[in-house]
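So the chains spell out like this:
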Amino acid sequence: MTPGDLLQALIKKSGLPSANALAKAISDSTGGAVGPGGIQSAISRLQKGNIPKTETLKPIANYFGLDAAAFQTDESALKCATELGLAKQQEDETEYAGRPRRQRGMVPIVGTAKMGPEGFYEEFSSIPGAGDGVVDYYSDNANAYGLRMKGMSMFPAIRDGWYVIVEPNDSVSEGEYILIKMRNGSKMVKELLFRRSDSIEVMSVNGGERMTLDLRDIEDYQPIGAVVPPSRWRMP
């Protein structure tokens, strides 16, 4: 088990929806003394297999009541996970939002979203039990799920009837698409341009206007791993 695997297991155990939500929770727990941007950077490095400095790891470790050494080697990560009862096979881990386990290469479709202007969208159907079929797409994220997109407002990046594959807890890099959920209930798909300690800069996926979003106004944002054509849809 790598330090990144340990962090992923701790995020799932905590019930937080994503790594970005963890960064905000850690920042809030320090009274804002540690900004979420720096924590997001440390989390992203861990998930990519790079080990940040001990001082950078401390806020993450302290949040979970652990020593920073747990995140410094594969051996220490496995030892910590074993002591916490987290050293399980991937198929036995908690599923994202209670959605059923999927076959490798098959991502469940959990709803349909109507695309609106400026990258906003509204989910107008939610499929109980993720029963709207699957798309044939391999993701190494056990919690990946798909949304069917309706409308042409994000054309040509996202076309009517195509599917977006969302990969919760994965790291996201500048230039990639993200699904954003705001605290006021609005939702949008944007391209992430760059991150600051207290905000993110985004742009519409079809090259529209830029906007700056305060992290305090964001409930969560998750990476979009792929945009998949309707021909990949299957009913298992």
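Residues numbered from 1 in each chain as written. Predicted model: local features only at pLDDT ≥ 70, side-chain atom pairs only at ≥ 80, totals over all residues. Heavy atoms only, no water.

Asks: I tried to follow the packing of helix α2 (residues 19-29) against helix α4 (residues 54-63) on my own but got confused; where do I start?
Replies: When two helices pack together, you describe them by how their axes are tilted relative to each other and by the distance separating the axes. Direction vectors running N to C along α2 and α4 enclose 90 degrees, while the axes themselves pass 10 Å from each other. It follows from the interaxial angle that α2 and α4 lie roughly perpendicular. Residue-level inspection shows Leu 22, Ala 25, Ile 26 and Ser 29 of α2 in contact with α4, the latter providing Pro 59, Ile 60 and Tyr 63. Classifying every residue of the contact of α2 with α4 by side-chain character gives six nonpolar, one polar and no charged. (Axes fitted to C-alpha atoms, helices over the stretch in contact; angles between N-to-C directions. Helix = DSSP H or I, 4+ residues; strand = E, 2+ residues; numbered from the N terminus. Parallel < 35°, antiparallel > 145°, perpendicular 65-115°, else oblique. Contact = heavy atoms within 4.5 Å. Nonpolar A, V, L, I, M, F, W, Y, C, P; charged D, E, K, R; others polar.)

Asks: I would appreciate a short explanation of the pairing of strand β6 (residues 177-182) in the present structure.
Replies: The two faces of a sheet get side chains in turn, since along a regular strand they alternate between them. Judged from the five bridges that link them, β6 and strand β7 (residues 187-195) form a sheet pairing that is antiparallel. When the bridges of β7 are listed, Lys 181 appears paired with Lys 187. The turn linking β6 back onto β7 is made up of four residues, and Gly 185 within it adopts a positive phi angle of 100 degrees. As paired elements, β6 and strand β10 (residues 218-228) share five bridges and run antiparallel to each other. In the strand pairing of β10, Ile 178 is matched with Pro 223. (Pairing = 2+ DSSP bridges.)

Asks: Before we go on, may I ask you to explain the packing of helix α1 (residues 3-14) against helix α5 (residues 74-84) in this structure?
Replies: One can describe the packing of α1 onto α5 by two numbers: an axis separation of 8 Å at closest approach and a directional angle of 25 degrees. In terms of orientation, α1 lies roughly parallel with respect to α5. On the side of α1, the interface is formed by Pro 3, Leu 6, Leu 10 and Lys 13, while α5 contributes Asp 74, Ala 77, Cys 80, Ala 81 and Leu 84. Considered class by class, the residues forming the contact of α1 with α5 number seven nonpolar, no polar and two charged.

Asks: What should I look at first to understand unusual backbone geometry in this one?
Replies: Looking along the chain, the bond that leaves Phe 155 and enters Pro 156 is cis, with omega of 5 degrees. Note that Pro 156 resides in the loop between β4 (145-150) and β5 (163-166).

Asks: How should the nonpolar core be read in this particular structure?
Replies: Burial of nonpolar side chains together is a common tendency in soluble globular proteins. Counting residues in each nonpolar core, the largest one holds 25 residues, and the members touching the most others are Leu 6, Leu 7, Ile 43, Ile 60 and Phe 71. At the level of secondary structure, the elements contributing two or more residues to this core comprise α1, α2, α3 (36-47), α4 and α5. The biggest single contributor to this core is α1, with five residues. Non-local contacts of Leu 7, meaning those with residues more than four positions away in its chain, are made with Leu 22, Ile 43, Leu 46, Ile 60, Phe 64 and Phe 71. In this structure, Leu 147, Met 149, Ile 158 and Val 166 belong to the second largest nonpolar core, which totals 14 residues. (Core = buried A, V, L, I, M, F, W, Y, C linked by side-chain atoms within 4.5 Å. Buried < 20%, exposed > 50% of the residue type's maximum accessible area, 1.4 Å probe, protein only.)

Asks: Sorry, what's going on with the confidence of the model for the chain here?
Replies: Parts of the model with low pLDDT should not have their predicted coordinates read in detail. With 86% of its residues at a pLDDT of 70 or more, the chain has an overall mean of 81. Counting interchain partners and residues more than four positions distant, the pLDDT-below-50 stretch residues 89-103 has 25 contacts. Every residue in residues 124-130 scores below 50 in pLDDT, and together they form 16 contacts with partners more than four places removed in sequence or on other chains. (pLDDT = per-residue confidence, 0-100.)

Asks: How should I be thinking about the packing of aromatic side chains in this particular structure?
Replies: The way to describe two aromatic rings as a pair is by their centre distance and the angle between their planes. All chains considered together, the criterion is met by one aromatic pair. Between the NZ or CZ atom of Arg 159 and the centre of the ring of Trp 162, over which it lies, the distance is 5.9 Å. (Phe/Tyr/Trp six-rings, centres within 6.5 Å; stacked < 30°, edge-to-face > 60°. Lys NZ or Arg CZ within 6 Å of the ring centre and 35° of its normal.)

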